[in-house]
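# Analysis of the macromolecular model
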Amino acid sequence: SRAVEKGDDKLADTIIDLMLNDKGIGKTDEKARAEILKLYAAGESVLPSGVPKTVTINGEERKLTEAERRQITNIYSQADITKLVNMPEYSKLTSGQKARAINIVYDIYRDKAISSVLGLDISKRALFAYAIDASIIAYVLAVAGDMAGDKKLKMQQLINKLDISAAQKYMLMGLLGYKNKNGAGQVKAYINRLDLSREEKKRLYEYSGY
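Attention here is on the structure that accompanies the text. (Residues numbered from 1 in each chain as written. Predicted model: local features only at pLDDT ≥ 70, side-chain atom pairs only at ≥ 80, totals over all residues. Heavy atoms only, no water.)

This next bit is on the overall build of the chain. Of the regular secondary structure elements, the chain holds 11 helices and two strands. Across the chain, helices and strands are ordered from the amino to the carboxyl terminus as α-α-β-β-α-α-α-α-α-α-α-α-α. The 210 residues of the chain split such that 43% are buried. When the accessible area of the chain is evaluated, it comes to approximately 11500 Å², of which 48% is carbon and sulfur surface. (Helix = DSSP H or I, 4+ residues; strand = E, 2+ residues; numbered from the N terminus. Buried < 20%, exposed > 50% of the residue type's maximum accessible area, 1.4 Å probe, protein only. Areas by Shrake-Rupley, 256 points an atom, 1.4 Å probe, with all protein chains shown as cover.)

In structure tokens, the structure reads:
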């Protein structure tokens, strides 16, 4: 009966909530939870990684203290896929691409949290997330993973349709590994306004294809 189905939905929703909370993720609205549930039921690996007990720094394994894990969890718990699942472009993705995009958002927040608490160099994707919304980065990377044929041209066309600045569009092409001939001044000016260290700004500019 429909009542039983409704009960099943509620139970499944509660299970997803518990799983997310167990991973340290607390910020997920109803639509985003429903999306995770749907992908999970379809067999996609879509639940985020939890906060690790150890991290590897320069090849050395280091155990995290409880205080460090708490601090990391506090930042990681802000991970939010709501903006991603509400993007009109997101609805056109395959189940595999959707799961990949969701995982990228979670990974970016996790990397940000770990590097922030431990004072480590931030990962490339997480560094880009200081300049471009994580949901946009996740969408572009999820699509790029399956792109065939003239990938560069197709990715340029896809990125050009996004509602972001020209500087951010150039940067995304750099993130995908392409060199940019134009836009250097715009990108440099944009990066210089970000709340990053001098070294991080330099790295981000180079990662952006210059």
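Don't stop here, the text continues.
Moving on, we get to the pattern of salt bridges. A full pass over the atoms with the stated rule returns six salt bridges. Two residues, Lys-38 and Glu-35, come together in a salt bridge whose shortest N-O distance is 3.7 Å. Residue Lys-38 and its partner Glu-35 are both found in helix α2 (residues 30-41); the two are separated by three residues, about one turn of the helix. Close ionic contact of Lys-83 with Asp-133 constitutes a salt bridge, the shortest N to O distance being 3.0 Å. Remark: Asp-133 occurs in the loop between α6 (124-128) and α7 (134-144) and Lys-83 occurs in helix α4 (residues 82-85); sequence separation between them is 50 residues. Classification of Lys-83 as exposed rests on a relative accessible area of 52%. (Salt bridge = Lys/Arg side-chain N within 4 Å of Asp/Glu carboxyl O.)

A separate point is the packing of aromatic side chains. Evaluation of the coordinates by the stated rule reveals two aromatic pairs. Residues Phe-128 and Tyr-207 carry aromatic rings whose centres are separated by 6.5 Å and whose planes lie at 25° to one another, so their mutual orientation is stacked. Of this pair, Phe-128 sits in helix α6 while Tyr-207 sits in helix α11 (residues 198-207); the two residues are 79 residues apart in sequence, bridging distant segments of the chain. Their ring planes at 15° and their centres at 5.1 Å tell us that Tyr-205 and Tyr-210 sit as a pair that is stacked. In this arrangement the basic side chain of Lys-112 is found over the ring face of Tyr-130, its NZ or CZ atom lying 4.3 Å from the centre. Of note, Lys-188 hangs over the ring of Tyr-205, and the distance from its end group to the ring centre comes to 4.8 Å. (Phe/Tyr/Trp six-rings, centres within 6.5 Å; stacked < 30°, edge-to-face > 60°. Lys NZ or Arg CZ within 6 Å of the ring centre and 35° of its normal.)

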